[in-house]
Amino acid sequence: MTYMFKKITLFLIFICYSVFGQTSYRNLSTENWIFNKQNEIQKHKATIPGTVHTDLFQNQLIPDPFFGANEKQLQWIENENWEYETHFTLSESEFKTQNIDLEFEGLDTYATVFLNGNVVLEADNMFRKWTISAKSHLKIGTNHLKVVFHSTVQKGKEEAKKLSYTLPEKERVFVRKAQYQFGWDWGPRFVSVGIWKPVHLKFWNSAKIEHIKYSQIELNDKKAILEFTTEIYVFIEKSIQLKINEKSETFNVKKGKNKVKMRYEIANPKLWWCNGLGDANLYLFTIEISQKKQLLDSKKLNIGLRTIELIQEKDQIGTSFYFKLNGKPVFMKGANLVPPDSFLPRVSDSTYFSLVDHAKKANINMLRVWGGGVYFDDAFYEACDANGILVWQDFMFACAMYPGDEKFVENVKQEVIDNVNRLQNHPSIAIWCGNNENDEGWHNWGWQKQFNYSKADSTQIWNDYKKVFHEMIPQTLDSLLPKEKNIYWSSSPSKGWGRKESLTQGDVHYWGVWWGKEPFEIYEKKVGRFVSEYGFQGMPNMETLQKVMTQEDLNFTSEAFKSHQKHPTGYETINEYMERDFVVPKDFEDYLYVSQLLQARGMKTAIEAHRRAKPYCMGTLYWQLNDCWPVTSWSSLDYYGNWKAFQYQAKRSFENLLLSVANANDKYKVYLINDDFENYSGKLELELLSFDGKSLWQTSKEISVEENSSTHVYELPKEELKSFDLQKHVLKVKFNGVQSQYFFVKPKDLKLQIPNIQIKNLNDFMIEISSDVLAKDVFLYSEGEVFFEDNYFDLLPHEKRLIKLSKAAKEIKVKSLFDTMQ
């Protein structure tokens, strides 16, 4: 549902209120809001939901935060206090409602709320929903609502001073706010404040629905039995009717909070499956409460029927780590997600829908919501439900140690309750994870020595860690979730990548490549049971950079260009790896292109090594799918949603049926990975081609592969190919319509010939492309944001490839690796 559609819906619900007497809403986000820096008289127009940075920019009080090196000159904003206010009118009929709640879906972060001059709320957590019983503070006619935001940075520093030791990452760990906004190695530092989610008045008379959850009592081919628990808050003791779709029952409820249970049966249920393995079947439920046929409140729920299990069983090597969906082991293919913008109110429902669509098109079946960001809006999880994308959901803690005082732990507990209640009914949620890399950081990153902790300090910090992640969070989950939804993993990863056990049990973040400067080939040896992070940077294309810097700044020495790379040695690391594998281009635009090929090459090596190792390895989630601003990073999609070369490669490497060739000492091994739940038989064909299209060697054999397997189907001794110059040849492997190419040497050592690439327009949305000789890494681009369904591909000699376009292109330009090697 779009934000505008939500506003219209709320307005229509309110109109219905006088007719039905049901719960209704009045959207206060659309009132005339103004803001000012505290103690300044000048006031400016504000947008709600919003942030102070975006409001300052819209009022032309600051330059675009993303442009050039502007980030540095905007750091003063985080140290100020900011005030937001509006006036709204309450009618006599509205005021007659028995109960009026003031609801803030999200306040970022430390906020004092005044209603008609009275303090009604002190908020201190960006991730919580805040509800105030407001009628006693309201009046008929004009009302005044004011929110004072205190500097999050200053609040964090005040809290830090209360400890006798320093926690890693200083002030950010004390504040329950999106941690990435303090700056990360792919994101800028914009510690903003604001009413970042909608604010409304909720009118209700005798009863309202607070929460709904369900558990699967029984699920088989013949029937599903669900038990719904509806939390109802009533003003006075009464008898109400609870209706779930067509089924209705009557209950007596007491004043205050009531939990009402009711069962519902579905005949011949259709299961919910993840992307690539079946349909993501959903059942729509409408839950209503009424009294004497008068509707009081209602909510809608989409439910997917499925079972999910995390299997950890000891074996000869260590302990397994894989997910079973509906009783079947599933290899998880996916990526890590960061928030789609530094300024979250700019993220629309359509942004989330688009992200999930990009993931689905790339054959992804799992996304990890990373712990340094935010719990995403409902739209994201709804899109995952509808498209069969499983979600690994972190709680919002990352790369640090956190306090464990009573106030902090209780605040986090309420945060967990709010978000688990909101998200638990989504069939896409597969696992809840306590944090990102806190455990690994404590045991492997040398914090004890860096911060000179005493033994007592270390004991206190670790005990605080256990209090939150080993006690409070799992205990809270136990109180909120039915058993079949309650899969909890305290920290990702479970072991640091430098430890041997990290590859034999639990999940692993493998950063030997990039951070450790190890070659891409190490991915073939360092394979874990479930690889939940690994990655390599690729630069965005020229069109993306041109949106955030001037033409003069498009070079490696400009401050603007350096500002859009947040890793301290990022560009140096890219260049070092590029020198290993490619001819390093002198032209800037060619360099951007080759950096993307480098990223795609590294990630192909990793993904296919993980998939060949199935069932030892049962998951590969690369870092990272997306960006929060235009930047050089590990993402496969840039900030604007453009596909880098790696996104296209991920789509190919994540196909359910994959042919993969591995270099193994004195032979080349061919694997057929089959993620489908069916066996396949057919002819495996291998052919050695020269770059000008001559067939120099070929063979074939009949093979069979079992469902859900990785099978070694052929060995090609290197001795057989010793008479050929492998710098001029490519191995083509085919099976049942699936094809793969294997190059024997690094790209820089290929003896490429100049390709004559021909493009034929078949219609506005389809082209045919061909070449007289091998065209390596063909890149198609056009002005006007034309999306090519395939790109950065190898075009074999005389092959005719059909490519779909998202819209008509005025002129299609083409580039291949040969163009960069001269």
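Each value, and the rule that gives it
- Residues numbered from 1 in each chain as written.
- Predicted model: local features only at pLDDT ≥ 70, side-chain atom pairs only at ≥ 80, totals over all residues.
- Heavy atoms only, no water.
- Helix = DSSP H or I, 4+ residues; strand = E, 2+ residues; numbered from the N terminus.
- Buried < 20%, exposed > 50% of the residue type's maximum accessible area, 1.4 Å probe, protein only.
- Contact = heavy atoms within 4.5 Å.
- Areas by Shrake-Rupley, 256 points an atom, 1.4 Å probe, with all protein chains shown as cover.
- Lys, Arg positive; Asp, Glu negative; His and termini not counted.
- Charge placed at Lys NZ, Arg CZ, Asp CG, Glu CD.
- Pairing = 2+ DSSP bridges.
- Axes fitted to C-alpha atoms, helices over the stretch in contact; angles between N-to-C directions.
- 1 Å grid on protein atoms, 1.4 Å probe; cavity = no way out; pocket = protein on both sides within 12 Å on 5 of 7 lines; lining within 4 Å.
- Points joined across faces, edges and corners; volume = space filled by probe spheres on them.
- Nonpolar A, V, L, I, M, F, W, Y, C, P; charged D, E, K, R; others polar.
- Patch = residues over 30% accessible without salt bridge, like charges linked within 9 Å, V, L, I, M, F, W, Y side chains within 5 Å.
- Salt bridge = Lys/Arg side-chain N within 4 Å of Asp/Glu carboxyl O.
- Polar contact = N/O pair within 3.5 Å; in protein donor to acceptor, adjacent residues only side chain to side chain.

Each helix and strand in the chain was counted, giving 16 helices and 43 strands. Looking at the 822 residues of the chain, the share that counts as buried comes to 59%. Sequence-distant contacts in the chain: of pairs separated by 6 or more residues, those separated by 24 or more amount to 69%. As displayed, the chain offers around 33300 Å² of accessible surface, 48% of which is attributable to carbon and sulfur atoms. If you average the places of the 102 positive and of the 106 negative side-chain charges in the chain, the two averages end up 3 Å apart.

An order of S16-S15-S18-S19 is seen for the four strands of this open sheet, with the pairing classed as antiparallel. Every other strand in the sheet has two partners, leaving strand S16 (247-253) and strand S19 (294-303) as the edge strands with one partner each. Ignoring which end each strand starts from, the neighbouring axes of this sheet average 20° apart.

Let's shift gears to empty space enclosed by the protein. Going through the model one piece at a time under the given rule, you end up with five cavities of 30 Å³ or more. Roughly 100 Å³ of internal volume is contained in the largest cavity. Lining the largest cavity are Asn-541, Met-542, Glu-543, Glu-589, Leu-592, Tyr-593, Gln-596, Phe-779, Tyr-781, Tyr-792 and Lys-815. For the lining of the largest cavity, the secondary-structure elements that each account for two or more residues are helix H12 (542-546), helix H15 (588-612) and strand S40 (775-781). Sort the elements by how many residues they give to the lining of the largest cavity and H15 lands first, with four residues. Class assignment of the residues belonging to the lining of the largest cavity gives a composition of six nonpolar, two polar and three charged.

Looking now at the layout of surface pockets. It is the rolling of a water-molecule-sized probe over the atoms that shows where space remains empty. There is about 1500 Å³ of room inside the second largest pocket. If you trace the second largest pocket, you find 50 residues lining it, with Lys-604, Glu-608, Gln-649, Ser-740 and Gln-741 closest to the centre. Breaking the lining of the second largest pocket down by element, the ones donating at least two residues are H15, helix H16 (645-653), strand S31 (657-664), strand S37 (738-743), S40, strand S41 (793-795) and strand S42 (801-804). The residue makeup of the lining of the second largest pocket, split by class, is 22 nonpolar, nine polar and 19 charged.

Together, Glu-543, Asp-587, Glu-589, Glu-783 and Glu-811 make up a negatively charged patch on the protein surface. Here Glu-811 shows up in the loop between S42 and strand S43 (813-815).

With that settled, consider the environment of Asn-663. Among the structural elements, Asn-663 can be located in strand S31. In this structure Asn-663 comes out as partly exposed when scored by relative accessible area, which is 38%. With 136 residues separating them along the chain, Asn-663 and Glu-799 place their C-alpha atoms 26 Å apart. Setting aside chain neighbours within four positions, we find Asn-663 in contact with Tyr-668, Lys-718 and Tyr-742. A polar contact is formed between the side chain of Asn-663 and the side chain of Lys-718, at a distance of 2.7 Å.

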